[in-house]
Amino acid sequence: MNEANTAAPTPGDLERAEQDKMIEDNLGRIRRKIMVMSGKGGVGKSTVATYLSLLLSRNGKKVGLLDVDLHGPSIPRLMNIQGGLDMHEEGVVRPYSFSDNLSVVSLEMVLGDKDTAVIWRGPLKISAIRQFISDIDWGDLDYLIVDSPPGTGDEPLTVAQTIPDAEALIITTPQEISLADVRKSINFCKQVNMKITGVVENMSGFGCPHCGKKISIFGSGGGKVMARQMDVPFLGQIPLDSQMVEMGDKGKLDVLTEKAGLEINKVYEKIVNRIVKG
Ligand SMILES: Nc1ncnc2c1ncn2[C@@H]1O[C@H](COP(=O)(O)OP(=O)(O)O)[C@@H](O)[C@H]1O
Ligand SMILES: [Mg+2]
């Protein structure tokens, strides 16, 4: 007989089971969980995760934004968040409240110093991400948007294993070098049985501010073709816009979402509608 099967549960086993239960309870109060992924860094994942969270929350949805990019958390900078988690009530940890409808959690809120490099081993990452879900009282949410680091490493895998009904929103830029890696992200989702909400092509073309003509700096349309080839939904093309960089750097993406008539906002509106329809 296998001894391991008959041994009494260790304190570690019990703790894990208790945490599993807390995770299940907390996730039960969240309707949709969407992880933003990409093959490469710098394609706009954190920007898209932030923008979507802002737009959904402005449309009246209750949204949580969770930053699991443990090596390079960028959500607090993009949203100009200086504060930390809300621990006013004894025994309860609540996310940072950005607005009535939008709450945010990032590792940076726990660590404090923005410029510290944290050295993470795999098991520590897994445990940090699990605690972000088990120990934080997210409340009732329509959407939990999870911003992840590029690739298919510990962080997205932990999210996939901890949140059984997580969906993936995959961001790519139009050029082949980004598309090649995104195919891996799609195959990762298929392997772990994660539903793919769709692919977004970011930095897709640039409207010349002088003549208005569209210039395809990184090419255009590659994401759409790839999505069709891999049989996943294509949600839209977000153009390059220098205001996105400027407002992102200033932590003012919320102001940008409110500017009427901007091409990026029109495109985002369509993408949000497609995501909401699911
Ligand atoms: N549509 C866009 N137009 C112009 N710049 C963008 C756009 N999307 C993202 N960026 C910029 O690209 C850089 C990388 O974006 P970020 O969201 O940090 O990428 P990732 O999270 O994938 O590493 C940032 O400076 C951001 O402002
Ligand atoms: Mg990022």
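How each quantity is defined
Residues numbered from 1 in each chain as written. Chains lettered and ligands numbered in written order. Predicted model: local features only at pLDDT ≥ 70, side-chain atom pairs only at ≥ 80, totals over all residues. Helix = DSSP H or I, 4+ residues; strand = E, 2+ residues; numbered from the N terminus. Expected span 1.5 Å × (residues − 1). Buried ≥ 20, exposed ≤ 12 C-beta atoms within 10 Å, placed from the backbone. Arc of directions from axis to C-beta. Near = placed C-beta within 6 Å. Nonpolar A, V, L, I, M, F, W, Y, C, P; charged D, E, K, R; others polar. Core = buried A, V, L, I, M, F, W, Y, C linked by C-beta atoms within 7 Å. Contact = placed C-beta atoms within 7 Å.

J.: Any details on helix 8 (residues 176-191)? Residues and values, ideally.
T.: Its 16 residues give helix 8 an end-to-end C-alpha distance of 23 Å, which sits within 8% of 22 Å, the value for a rise of 1.5 Å per residue. For helix 8, the full list of buried residues reads Ser-178, Leu-179, Val-182, Ser-185, Ile-186, Phe-188 and Cys-189. The buried residues of helix 8 occupy an angular sector of 160 degrees when projected down its axis, which confines them to one face. Across from the buried face of helix 8, at angles greater than 90 degrees, the exposed residues are Glu-176, Ile-177, Lys-184, Asn-187 and Gln-191.

J.: If you had to explain the site of ligand 1 to someone new, which residues and values would you point to?
T.: Around ligand 1 there are 17 residues in total, and Gly-44, Lys-45, Ser-46, Thr-47 and Gly-248 lie nearest to it. Counting only elements with at least two residues in the shell around ligand 1, the list comes to helix 3 (45-58), strand 7 (195-207), strand 9 (234-240) and helix 10 (242-250). Across the shell around ligand 1, the residue classes tally to six nonpolar, nine polar and two charged.

J.: Which residues make up the nonpolar core, and what values go with them?
T.: Judged by nonpolar contacts, the single largest core of 64 residues is most densely connected at Val-36, Ile-145 and Val-146. Other than its neighbours up to four places away in sequence, Val-146 contacts Lys-33, Ile-34, Met-35, Val-36, Leu-66, Val-68 and Val-159.

J.: Describe the environment of Ile-186, and please don't skip the residues or the numbers.
T.: Looking at where Ile-186 falls in the secondary structure, it is placed in helix 8. Taking the C-beta count within 10 Å as the criterion, Ile-186 has 23 such neighbours and is therefore assigned buried. In this structure, the C-alpha to C-alpha distance between Ile-186 and Lys-61, residues 125 residues apart in sequence, is 27 Å. Look past the residues within four positions of Ile-186 in its chain and what remains in contact with it is Ile-170, Ile-196, Met-230 and Val-232.

J.: Before we move on, can you summarise the environment of Ile-170 with the specific residues and values?
T.: Here Ile-170 shows up in strand 6 (residues 166-172). Classification of Ile-170 as buried rests on a count of 29 C-beta atoms within 10 Å. Taking the C-alpha atoms as reference, Ile-170 lies 5.5 Å from Ser-38; in sequence the two are 132 residues apart. Among residues more than four places away in sequence, those in contact with Ile-170 are Met-37, Ser-38, Val-182, Ser-185, Ile-186, Ile-196 and Val-199.

What is shown is where atoms sit, not what they do.
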